[in-house]
Amino acid sequence: MGFSRLSRYCLVLAIFWSASIGAMPLSLAQAHETAIGLYTTYLKETAGPLDPVQAITAQRAGKFSPGRRAVLNFGIGSQPVWIHFTVDNPTPVPTHRRLAIENAWLDSVQVYIRQGGKTLSNYRVGDDQPFGQRSVNSRFFVFDPQFEPGLSDVFIRVETPDPMVVPIYLMDTEGARIREARQEISYGLLYGFLLALIAYNAILSASFRSSRYLFYSLYLTLFMTMNIAYTGHGFAWIWPGAVRWQQWSNPILMFLYGISGLLFANRFLDVETHFPRVRRVIIAYCLVFGGMFAMAALYADQRAALLVSFTFVFLFTLIMLLLGALSVHSGQKPARYFLLASIAGMSGAVLTTLSTWGFIPFSSWTFRAVELGMMVDATLLALALSHQFRMLQAAKLSAEQLAHLDPLTGLNNRRSFYEKTEPIWSTARRKGRDAAVIALDIDLFKQINDSHGHEHGDETLTAVAAALSRSIRQGDVLARWGGEEFIVFMPETSLKEAVALAERLRAAIAQIRVPHAQGETAITASFGVAQKDADHATLDALISAADGYLYQSKQKGRDRVSYAQAA
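Described in the following lines is the structure provided in the data block.

Rules of the game
In this numbering scheme, every chain counts its residues from 1 along its sequence in written order. Only residues with pLDDT of at least 70 are given local features in this predicted model, and only at 80 or more are side-chain atom pairs given and counted; all residues enter the totals for whole chains, interfaces and linings. To get the side-chain values, take all heavy atoms of the structure and skip hydrogens and water. Only DSSP runs of H or I reaching four residues or more are called helices, and only runs of E reaching two or more are called strands; each is numbered from the N terminus. Values of the radius of gyration come from C-alpha atoms, whereas the globule rule sets the reference at 2.2 Å times the count of residues to the power 0.38. Partly exposed residues are those whose accessible area sits between 20% and 50% of the maximum for their type, while under 20% is buried and over 50% is exposed, using a 1.4 Å probe and protein chains only. Any two residues whose heavy atoms approach within 4.5 Å at even a single point are treated as in contact. For the charge count, each Lys or Arg is scored as positive and each Asp or Glu as negative, with His and the chain ends excluded. Note that the charge is assigned to NZ on lysines, CZ on arginines, CG on aspartates and CD on glutamates. One speaks of a salt bridge when a side-chain nitrogen belonging to Lys or Arg is within 4 Å of a carboxyl oxygen belonging to Asp or Glu. A pair of strands counts as paired when DSSP detects no fewer than two bridges linking them. The axes used here are C-alpha line fits, helices contributing only the stretch in contact, and every angle between their N-to-C directions lies in the interval 0 to 180 degrees. In this analysis a 1.4 Å probe is tested at points of a 1 Å grid over the protein atoms alone, and where it fits but cannot get out there is a cavity; an open set with protein on both sides within 12 Å along at least five of seven lines is a pocket; lining residues have an atom within 4 Å of a point. Grid points are joined across faces, edges and corners, and a volume is the space filled by probe spheres set on the points. Each residue receives one of three labels: charged for Asp, Glu, Lys and Arg, nonpolar for Ala, Val, Leu, Ile, Met, Phe, Trp, Tyr, Cys and Pro, and polar for the others, Gly being one of them. Each patch is built from residues that are more than 30% exposed by relative accessible area and take part in no salt bridge. Like charges join if they lie within 9 Å; nonpolar side chains (Val, Leu, Ile, Met, Phe, Trp, Tyr) join within 5 Å. Reported accessibility uses the Shrake-Rupley method at a 1.4 Å probe radius. Residues are deemed covered only where the shown protein chains occlude them. Here is the rule: rings of Phe, Tyr and Trp (six-membered ring for Trp) pair when centre to centre is within 6.5 Å. Planes less than 30 degrees apart are stacked, more than 60 are edge-to-face, and the remainder are tilted. Charge-over-ring placement is defined geometrically: NZ (Lys) or CZ (Arg) within 6 Å of the ring centre, and within 35 degrees of the ring normal. Look down the strands so they point away from you; if the path from the first strand over the helix to the second goes clockwise, the crossover is right-handed. By this rule, a helix spans an expected 1.5 Å times one less than how many residues it contains.

A look at the overall build of the protein
- Scanning the protein for helices and strands turns up 17 helices and 21 strands.
- Taking 567 residues into account, the globule formula puts the C-alpha radius of gyration at 24 Å, and the protein, at 41 Å, lies well above it.
- Summarising its shape, the C-alpha atoms of the protein cover approximately 130 × 60 × 50 Å along the three principal directions.
- Put simply, the protein has 567 residues, and 48% of those count as buried.
- Long-range contacts, defined as pairs at least 24 residues apart, comprise 73% of the intrachain contacts of the protein with a sequence gap of at least 6.
- When the 51 basic and 45 acidic side-chain charges of the protein are each reduced to a single mean position, those positions are 5 Å apart.

The structure is reproduced here in structure tokens:
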């Protein structure tokens, strides 16, 4: 009970403190570097529009509520709001201050500066007017009023179907410029980082003709475009006269950003192959929300379009997280990066969404959390694409190697043999250098297969291949020619040297014993050796000559070396 009373007492004190601050004047003698929402009071137009006189009367009648947070936040689709605060200029001279509402998506902002029962100055800006009509060149809603000595009342009317976040700052001009410069530097770093990734992946997409990189570039491009739109940079830099687009750019770009992310995820994680049912659900999800958005656009209902887009993007982050988790579970290694990226992106998006909708306090950190999350997201996805690229290159290299190797013995196949020997043969022909070929065939190999099975036959082939590999010289080219036949090309080799090598190979094979269930198999092989001469116009002619001598070895009883005898 004591704790409960203490809690209620603290709550009452907090409310009283907040209300008392809201009634306090904002002194120009002090620096105010944070938002001034706690010094304000506000009134929503729940019973219809109020003109300035009606708003002033309501404020004097005590109908305004005190601001509870430094940044006022009335959520999405709020009624227009009147905001009031008092400014105290304790100096004897008029003082200029910069009044800024650091939000780039309000349709209408009206400001009235009053003193002594009179309106001394008023301003009207908003997204419903071309950017060029603003008195101060800023992506935010910024004014430079003059405050006369004494107390001045400031009334601000805000209207928008977008999330009504009203961060009000009252600073000296130099302090405001420094704050804005710091913000622009941070955005410059963000956009530079994203542009570098976009360009890099676009180049990779063009070079490797891979849609993964193309969709990733599109995903980053749409995020950056969406960010440029909702931060006001687009209206200030790119489309200053396109009022209608400025009002609709946020929901449209948010929706397209979500679509691009799903396209990238589908391609990167190969959702169509691994999770066809999930892909069908995602397609249905996109079609449903696309239809809802189209209806909102058809009826020009900006508030409904915003709700659809916000919900779509929020669910999109959850879907990306689900796809990452499923892909990791299915054993896709790059999906680990994707999952971590999705967690980072979702965390940032959730913080920004909740702060924008008013569920958590709005601040620079919570508002820009989506940007920080996206930088981590983009970095991790770039690493994922790099990892996937290395895997694809390794698979490609492995495939190329397998295309040149005999899969059973690991020796060169016929294609690889020709690729390696043709340049050597051409040089030997052109410069008159020696070259020789050994052709060999395992004796009675069919009987070995028939007696002990093909598995034993394969073991015999691999044993012979290993013995040949150990016995040839550096620079010789060894290949499995087909079946139980092998071939050795020997550059810079005379007939005498080639015959000597063939005899060593024959002796090495004769020592092989391949075990089987009933004992072991002794292996022999027959050899034919041919040296390049004027009759061999091509390498195939030399190989054919070696094959002829191999046939002679078979005819003479096998397990021997045959070659051209001197006349």
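Thoughts on unusual backbone geometry
- Its identity is not glycine, yet aspartate 270 carries a phi of approximately 50 degrees, on the positive side.
- Tracing the sequence through the fold places aspartate 270 in the loop between helix H6 (243-268) and helix H7 (271-274).
- What makes aspartate 270 partly exposed here is its relative accessible area of 26%.

Re the pattern of salt bridges
- Across all of its chains, the model carries 17 salt bridges by this definition.
- With a closest N to O distance of 3.4 Å, aspartate 127 and arginine 134 form a salt bridge.
- For arginine 134, a relative accessible area of 11% gives the class buried.
- In this structure, lysine 446 and aspartate 450 form a salt bridge, with 2.9 Å as the shortest nitrogen-oxygen distance. Note that lysine 446 and aspartate 450 are positioned in helix H14 (residues 445-452) at a spacing of four residues, about one turn of the helix. Across this residue pair, the class does not change: lysine 446 and aspartate 450 are exposed.
- Sharing partners across several salt bridges, the network here consists of Glu45, Arg157 and Glu159.

Observations concerning the sheet that holds strand E10 (residues 141-143)
- If you walk across this open sheet you meet the three strands as E10-E7-E14, and the pairing is antiparallel. The sheet is open, and its two edges are formed by E10 and strand E14 (168-171), each paired on a single side. For this sheet the average axis-to-axis angle between neighbouring strands, irrespective of direction, equals 15 degrees.
- In terms of strand pairing, strand E7 (residues 98-101) meets E10 through three bridges, oriented antiparallel. Residue pairing for E10: isoleucine 101 is matched across the bridge by phenylalanine 141.
- Where helix H3 (residues 173-208) meets the sheet, its contacts fall on E7 and E14, and the angle it forms with E14 comes to roughly 130 degrees.

Focus on empty space enclosed by the protein
- Using the criterion set out here, one finds two cavities of 30 Å³ or more in the structure.
- Looking at the largest cavity, its volume works out to about 330 Å³.
- As for the largest cavity, its lining consists of 20 residues, and the residues nearest its centre are Tyr230, Met254, Phe310, Thr352 and Thr353.
- Every element with two or more residues in the lining of the largest cavity is listed here: helix H4 (211-230), H6, helix H9 (302-329) and helix H10 (335-357).
- Across the lining of the largest cavity, the residue classes break down as 14 nonpolar, five polar and one charged.
- One number sums up the size of the second largest cavity: a volume of about 90 Å³.
- Lining the second largest cavity are Tyr219, Phe223, Tyr257, Phe316, Thr317, Met320, Ser342, Gly345, Met346, Val370, Met374 and Asp377.
- Classifying every residue of the lining of the second largest cavity by side-chain character gives eight nonpolar, three polar and one charged.

Side note on the layout of surface pockets
- Of the pockets and cavities examined, the largest pocket occupies roughly 870 Å³.
- Lining the largest pocket are 39 residues, and of these Glu102, Tyr169, Arg179, Gln183 and Ser364 lie nearest its centre.
- Those elements that place two or more of their residues in the lining of the largest pocket are E14, H3, helix H11 (364-367) and helix H12 (369-404).
- Of the residues assigned to the lining of the largest pocket, the class counts are 20 nonpolar, 10 polar and nine charged.

Section: a nonpolar patch on the surface
- Together, Met295, Leu298 and Tyr299 make up an exposed nonpolar region whose accessible area comes to about 390 Å².
- Residue placement: methionine 295 occurs in helix H8 (residues 276-298).

Observations concerning the packing of aromatic side chains
- Going through the model one piece at a time under the given rule, you end up with 26 aromatic pairs.
- A centroid spacing of 5.8 Å and a plane angle of 35 degrees characterise the contact between tyrosine 187 and tyrosine 191, whose relative ring orientation is tilted. Linking tyrosine 187 with tyrosine 191, this pair stays in helix H3, spanning four residues, or about one helical turn. Residues tyrosine 187 and tyrosine 191 agree in their burial class; the two are buried.
- Cluster of aromatic residues (ring-pair linked, three or more members): Tyr216, Tyr219, Phe223, Tyr257, Phe264, Phe268, Phe316 and Phe338.
- One residue, arginine 179, lies across the ring of tyrosine 169, its end atom 4.1 Å from the ring centre.
- The aromatic ring of tryptophan 481 is capped on one face by arginine 414, whose charged end is 4.1 Å from the ring centroid.

Details of the pairing of strand E20 (residues 525-531)
- Counting buried positions along E20 gives six out of seven residues, so the element sits mostly inside the fold.
- With seven bridges joining them, strand E15 (residues 435-442) and E20 adopt antiparallel strand pairing. Counted as the bridge partner of isoleucine 438 is valine 529 from E20.
- Bridging between E20 and strand E21 (residues 561-563) involves three bridges; their strand directions are parallel. Each residue of the ladder has a partner; that of valine 529, found in E21, is tyrosine 563.
- Taking the sense of rotation as the criterion, the β-α-β connection linking E20, helix H17 (residues 539-555) and E21 turns out left-handed.

Things to note about H4
- Between its first and last C-alpha atoms H4 spans 28 Å; for 20 residues at 1.5 Å apiece the expected length is 28 Å, and the two agree.
- Within H4, 14 of the 20 residues are buried, which leaves it mostly tucked inside the rest of the structure.
- Looking one or two residues beyond H4, the residue adopting positive phi is glycine 232, at roughly 90 degrees.

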